[in-house]
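What the coordinates show
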Amino acid sequence: MQAAWMIAASLFFAGMGVCIKFASGSFGPLEVVFYRGVISVVFIGVLARSRGVSLRTHVPMMHVWRNVVGVASLVAWFYAIANLPLSTAITLNYMSGIWIAAFVIGGTLAMGQLADVRRQGPLILTVMAGFAGVILLLRPTLEQNQLFAGLVGLLGSLMAALAYMQVAALGRVGEPETRTVFYFSLAALLAGGLGMLALGAHTLATWQALWLLPMGLLAALGQLCMTRAYTHGSTIVVANLQYSGIVFGALFGLTLFGDHIPPLGWLGMALIIACGMAATVLRARALPNPPAEEF
C-alpha cells in the first residue's frame, strides 16, 4: 500500500505542475507558493476537523525543522526552474532520492550495521538506476553561466531529502499525516505571503486564477499521500517510486502540451517503472524496519 500511496502522490504532484504551468503566466513563484499554502491550510484544516484530529503537537521543533528545510527546498526549486532549463531543474530536484540513499548508507554504517548495507545494496542500486532513467527522459543540460543556479538546485534536492526523512521521523513519533501537512502548508503560506509583501502581487481578476484552486487541492492531496508513504513505508523504496512523477509529467506534457518524447525518453520511462517495481520486490525480502531507516 505504501507503494500505491507514493505513486498516487506523484500523480497528484504532476497534476499540480500542470495547473502551475497554466497559472504561471499571471502569477510569480512566491504567489504560487502562497496560494498553494492558503488552499491547503483550509482543506487540511477542514479534513482534520472532520476526522477529529487535533492540530496541537507535542513535537513542535520537529515540525519547525521539517518546515524550514521543506520551504527552503521549495524556494530553491522555483529558483532553479526560473534560471535553468526545465529538464535540468527537474533532474536536480529528483536527486533527493540519491541523497536519501546516501543518508541511509551513512546511518547504517554509523550504527555499525555493515550487514544491513550489504542486504540493502541491490535496493540502493535501484534508486541510482531510476535516476539514470530520469536523466534519459529529461536529458539535462547546464551552461557555464548557470553554475550558481545549478548549485542552488542541487542544494534544494539536499533540503528535500532532509524534509522527506523528517516526514518519516514525524510519522514514527505518532504525528498524523493531516497535522504534518497542515503545518507545512502554513509555513508555505507564511513564506509566500512575506514574499508577496516584499515584491508585490498580481490581481486575481484573470482566468489563470481559476487554476489556483485545483493546484492547491492537488498539492494538499499529494502531500497527504507522500507523507503517508514516507511514514509507513521503506524510505528507499518510497524515494525510488517518487521518480514516477517524471513519467506522469512527461505523459501530461505529451497529451496536454504536445511535447515530444524521443526514443531515449521512452527508454528512461521504462527504466523508471522497472526500478520502482524492482525496489518494491527487493524491499519485501529485506528486514521490516532496518535500523538505517529510523531517523
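Scroll up to find the structure this text is about.
Described below are features of the structure shown in this document. Remember, it's a predicted structure, so these values are computed and weren't measured experimentally. (Residues numbered from 1 in each chain as written. Predicted model: local features only at pLDDT ≥ 70, side-chain atom pairs only at ≥ 80, totals over all residues. Heavy atoms only, no water.)

What to know about the packing of helix 1 (residues 2–23) against helix 11 (residues 244–256)
Here helix 1 crosses helix 11 at 40 degrees, and the two axes come no closer than 8 Å. The orientation of helix 1 with respect to helix 11, classified from their angle, is oblique. Note on packing geometry: the crossing formed by helix 1 with helix 11 is right-handed. Contacts between helix 1 and helix 11 involve I7, S10, L11, A14, G15 and V18 from the former and S244, G245, F248, G249, F252 and L256 from the latter. For the contact of helix 1 with helix 11, the per-class residue count stands at seven nonpolar, five polar and no charged. (Axes fitted to C-alpha atoms, helices over the stretch in contact; angles between N-to-C directions. Helix = DSSP H or I, 4+ residues; strand = E, 2+ residues; numbered from the N terminus. Parallel < 35°, antiparallel > 145°, perpendicular 65-115°, else oblique. Left-handed = near helix turned anticlockwise from the far one by under 90°. Contact = heavy atoms within 4.5 Å. Nonpolar A, V, L, I, M, F, W, Y, C, P; charged D, E, K, R; others polar.)

Considering the packing of aromatic side chains
According to the stated counting rule, one finds seven aromatic pairs in the structure shown. Centre to centre, the rings of Y164 and Y230 are 5.1 Å apart; their planes meet at 10 degrees, and the pair counts as stacked. You can see Y164 sitting in helix 7 (residues 147–172) and its partner Y230 sitting in helix 9 (residues 212–232), a full 66 residues away along the chain. Against the face of F184 rests R66, its NZ or CZ located 4.1 Å from the ring centre. (Phe/Tyr/Trp six-rings, centres within 6.5 Å; stacked < 30°, edge-to-face > 60°. Lys NZ or Arg CZ within 6 Å of the ring centre and 35° of its normal.)

A few points about the environment of L212
Looking at the element boundaries, L212 is found in helix 9. Judged by relative accessible area, L212 falls into the buried class, the value being 5%. Separated by 113 residues in the primary sequence, L212 and W99 place their C-alpha atoms 31 Å from one another. Aside from chain neighbours lying at most four places away, what touches L212 is A23, F27, Y35, I39 and L204. (Buried < 20%, exposed > 50% of the residue type's maximum accessible area, 1.4 Å probe, protein only.)

Functional significance is not addressed by these values, which are geometric in nature.
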